[in-house]
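Reading the structure
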Amino acid sequence: MHLNSFFTFSKPYHFLSISTIFTILWATALSVDQHFKPCNVGNCGNGPNISYPFWIANQQQSYCGLPNFEVTCDGKNPVVSISGDKYIIKDIFYSNNSLRLASKMLLNFDNSCPLPLHNFSTETTPFINSPSYADLFFFYRCTKNPKKFQTYSVSCASNSTHHSFAVFHIDILKHHNYSIDSCQSLVNAPVEGQDIRELLKMNFTDVLRKGFVLQWNQTYCNDCQRSGGSCLWVDNEFTCFCADKPHSRTCDDGKRLSLTAKLGIGFGTAAGSLLIITGLVFFIHKGLMKKRNKPTRTSSMLPTDLEKGYAHSGIKTFTYDELVQATHNFDTKREIGDGGFCTVYQGKLQDGRVVAVKRLYDHNHKREAQFMNEVEILTCLRHQNLVSLYGCTSRYCHELLLVYEYIPNGTVADHLYHERAIPKSLSWPTRMKIAIETASALSYLHASNVIHRDVKTTNILLDNNFCVKVADFGLSRFSPIDVTHISTAPQGTLGYVDPEYYESYQLTTKSDVYSFGVVLLELISSKPAVDINRNRHEVNLSTLAIAKIQSHTLDDLVDPELGFESDHQVRKMITEVAELAFQCLQNARETRPSMEEVLGALIGIQREDYDAKSAEELEIPAHEAVMLKASLVGEVNSAE
């Protein structure tokens, strides 16, 4: 019988039908309640709350989480087992799929020699290493003691004839021709290696006790919970349990009012219940009729939505076959870049354009999020110093591919200390130009409420005229207006990450300022941000440079090819840029300048150079040169 017939009331049995509906709906509500919220948040007593994809054995049902995310309570501590050892969960960050762990053994402070005995690996786990993850290698019972460089002393496992020690990089041993074969065993232990310079000041037990961060691949749970559902693992697949019925991912994008909520209205009085149920039947029927003509959305954006959005922004959706043809089937000879998560190929489109094709590894939810993030940012931002995105494949393609304009002259890092580094090829004026254009791009991003989050010289591309194109927005984040920071697990590249962001998990535009300060130091010194072959206290360029600046020995840091000793004006400019970098590298972010202020300072330094040269060429007296500069500044300000 059609639902509309219940509202004619031409026959008495219609009231019986409504009563029947009342009974059916009430029974349905009760049955839904039994499955809608079956999993309570768990807790062992200490540590974070445990919820999907984690579940606590003997406290929650196994369907409350994923099979490989089982947690046990060791006393009051939540514990997971990895590589045969137990690790206490110190915190879980559900918003960005990461957790901080520490070895249970190491947190036993009665143990005077808590040595790692098993190699750590995430291969058989659902976890992956975070960008801040690092290995500390322990060498036990070695017949030779490395004497030429600093290591962590492991005296509790040493004696008069056998030595034990720990070091961050095995390569440093090989560099000093140390024979690893002289040791009886080698074990790697996980640590938080975001700031090695600070770790080197500690003993190895304190380093290990700090814990480390792992990540897991994105699940649909966040989307499900936002839509009002609860996440379960049923019949070996994710299920979003909603008030009406189970869904594959979300409760119809969160817009449906739950059935139990509808039934709860007016049940307090028997007299009004019949009218309410009658009204509910009408609205449910109306909603069903609307839904019948509306496609179900199982993700935040359908392929057609994407393609329309791309077309509107001038971004093309390429087919996989088009890009296979453009790159000659991803020929290794066409590789022009290789990162931790992608390979970049030079290609040529059918219309003749030479392009760079980024091929992301692993089509998982984390890569898809980075892919969508980069597309979203580059489709709505335009700046002469930002790399242009020509198009991409659909996120539903079996491979995630991004197509950019081809920038032929490599990266700034290439020209400073890699394969394109030729003495005197990158003059100081060119480096100043690079610094100003990079600062201009970052200032534009910040004005557009975007934080890059991975500013480094390998992400600053150069064309044949050494014009800058800032690239790689996979880690970038939109910063909501009127929000002071974004709470997220630290990500970025070792040597560039803001130490306050690392400590507080609060990302701001000042995090980019810190990273840019490191870039300025690289432009001054032609040295990489991190170099394990340097003295242990100088592995990080920022530590090395700050020490030189504070001790007034900047000449020891500056690339000798820049004319620091011979050219007074160059010396003055480099000194001022070093002072600016020092301001950018302040530990407290509130003491750092904004990117707009950094850009203004760089332009001012460059303008002083032009003013000085003009005055010298025209033989203008010094006091008149100052007046000329003031006049020029006034003209620029009025033009703006």
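Just above sits the structure.
Residues numbered from 1 in each chain as written. Predicted model: local features only at pLDDT ≥ 70, side-chain atom pairs only at ≥ 80, totals over all residues. Heavy atoms only, no water.

On a plain count of helices and strands, the chain comes out with 18 helices and 26 strands. For the chain, buried positions account for 48% of its 640 residues. A fraction of 61% describes how many contacts in the chain between residues 6 or more apart in sequence connect residues 24 or more apart. (Helix = DSSP H or I, 4+ residues; strand = E, 2+ residues; numbered from the N terminus. Buried < 20%, exposed > 50% of the residue type's maximum accessible area, 1.4 Å probe, protein only. Contact = heavy atoms within 4.5 Å.)

Turning our eyes to something else, we now look at unusual backbone geometry. Residue Pro-53 follows Tyr-52 across a cis peptide bond; omega there is 10°. Structurally, Pro-53 is set in the loop between helix H1 (13-36) and strand E1 (55-56). Its identity is not glycine, yet Arg-141 carries a phi of approximately 50°, on the positive side. Arg-141 sits in the partly exposed class, given a relative accessible area of 35%.

Now for helix H14 (residues 509-525). With 17 residues, H14 extends 25 Å between its outermost C-alpha atoms, agreeing within 8% with the 24 Å of an ideal straight helix rising 1.5 Å per residue. Counted residue by residue, H14 has 16 buried out of 17 residues, so it is predominantly covered. For H14, the side-chain oxygen to backbone nitrogen distance between the N-cap and Lys-510 is 3.1 Å, and the N-cap itself is Thr-508. Directly beyond the C-terminal end of H14, a positive phi value near 60° is found at Ser-526. (Expected span 1.5 Å × (residues − 1). Polar contact = N/O pair within 3.5 Å; in protein donor to acceptor, adjacent residues only side chain to side chain.)

This next bit is on the nonpolar core. Trp-428, Phe-516, Leu-520 and Leu-602 are the most contacted members of the largest nonpolar core, which has 72 residues in total. Filtering out sequence-adjacent residues up to four positions away, Leu-602 remains in contact with Met-432, Ala-435, Ile-436, Ala-439, Phe-516, Leu-520, Val-577 and Leu-580. Among the nonpolar cores identified, the runner-up in size contains 28 residues, and Tyr-87, Ile-89, Phe-127 and Cys-231 belong to it. (Core = buried A, V, L, I, M, F, W, Y, C linked by side-chain atoms within 4.5 Å.)

Ordered by their spatial adjacency, six strands build an open sheet running E15-E19-E20-E18-E17-E16, and the pairing between neighbours is mixed. This sheet does not close on itself; its edge strands, each paired only once, are strand E15 (316-317) and strand E16 (335-338). (Pairing = 2+ DSSP bridges.)

With antiparallel pairing, four strands are arranged side by side in an open sheet as E8-E9-E7-E10. Two strands in the sheet have a free side with no partner beyond their single neighbour: strand E8 (152-153) and strand E10 (183-192). Direction of pairing for E8 relative to strand E9 (residues 163-167): antiparallel, over a ladder of two bridges. Each bridged residue has a counterpart across the sheet, and for Tyr-152 the counterpart in E9 is Ala-166.

Looking at the secondary structure, you find Thr-125 in the loop between strand E5 (98-103) and strand E6 (127-129). In terms of polar contacts, Thr-125 uses its side chain to reach the backbone carbonyl oxygen of Thr-122, at 2.8 Å. At 3.2 Å, the side chain of Thr-125 forms a polar contact with the backbone nitrogen of Phe-127.

The subject of this paragraph is helix H15 (residues 541-550). The buried count for H15 comes to seven of ten residues, which makes it a mostly enclosed element. All buried positions along H15 are accounted for by Leu-541, Ser-542, Leu-544, Ala-545, Ile-546, Lys-548 and Ile-549. Phi turns positive one or two residues past the end of H15, at His-552, with a value near 60°.

For the rest of this paragraph, the subject is the packing of aromatic side chains. Evaluation of the coordinates by the stated rule reveals 19 aromatic pairs. Judged by centre distance (5.1 Å) and plane angle (90°), the ring pair of Phe-54 and Trp-216 falls under edge-to-face. With Phe-54 in the loop between H1 and E1 and Trp-216 in strand E11 (residues 212-216), the pair connects residues that are 162 residues apart, well separated along the chain. Like Trp-216, Phe-54 is buried. Through a chain of ring-to-ring contacts, three or more aromatic side chains come together here, namely Phe-54, Phe-69, Tyr-94, Phe-127 and Trp-216. The cationic tip of Arg-353 hangs over the ring face of Tyr-390; the distance from NZ or CZ to the ring centre is 4.6 Å. A cation over a ring is seen here: Arg-359 above Phe-330, with NZ or CZ 3.9 Å from the ring centre. (Phe/Tyr/Trp six-rings, centres within 6.5 Å; stacked < 30°, edge-to-face > 60°. Lys NZ or Arg CZ within 6 Å of the ring centre and 35° of its normal.)

Right, let's get into the state of the cysteines. Overall, the coordinates contain six disulfides when judged by the stated rule. At a sulfur-sulfur separation of 2.0 Å, the disulfide partner of Cys-44 is Cys-73. Between Cys-44 and Cys-73, the S-S torsion sits near -80°, and that sign places the bridge as left-handed. Of this pair, Cys-44 sits in the loop between H1 and E1 while Cys-73 sits in strand E2 (residues 70-74), placing them 29 residues apart in sequence. Lacking any disulfide linkage, Cys-392 is separated from the closest cysteine sulfur, that of Cys-397, by 10.0 Å. Judged by relative accessible area, which is 0%, Cys-392 ranks as buried. (Disulfide = S-S within 2.5 Å.)

Here we take up the environment of Cys-156. By secondary structure assignment, the location of Cys-156 is in the loop between E8 and E9. Note on Cys-156: relative accessible area 41%, which makes it partly exposed. Remark: the alpha-carbon pair of Cys-156 and Leu-115, spanning 41 residues in sequence, is separated by 9.1 Å.

All right, on to the pairing of strand E7 (residues 133-142) then. Burial analysis of E7 places eight of its ten residues in the buried class, the great majority of the element. Pairing of E7 with E10, which is carried by nine bridges, proceeds in the antiparallel orientation. Opposite Asp-135, over in E10, you have Pro-190 as the bridge partner. Relative to E9, E7 is paired through four bridges, and the arrangement is antiparallel. Counted as the bridge partner of Phe-137 is Val-167 from E9.

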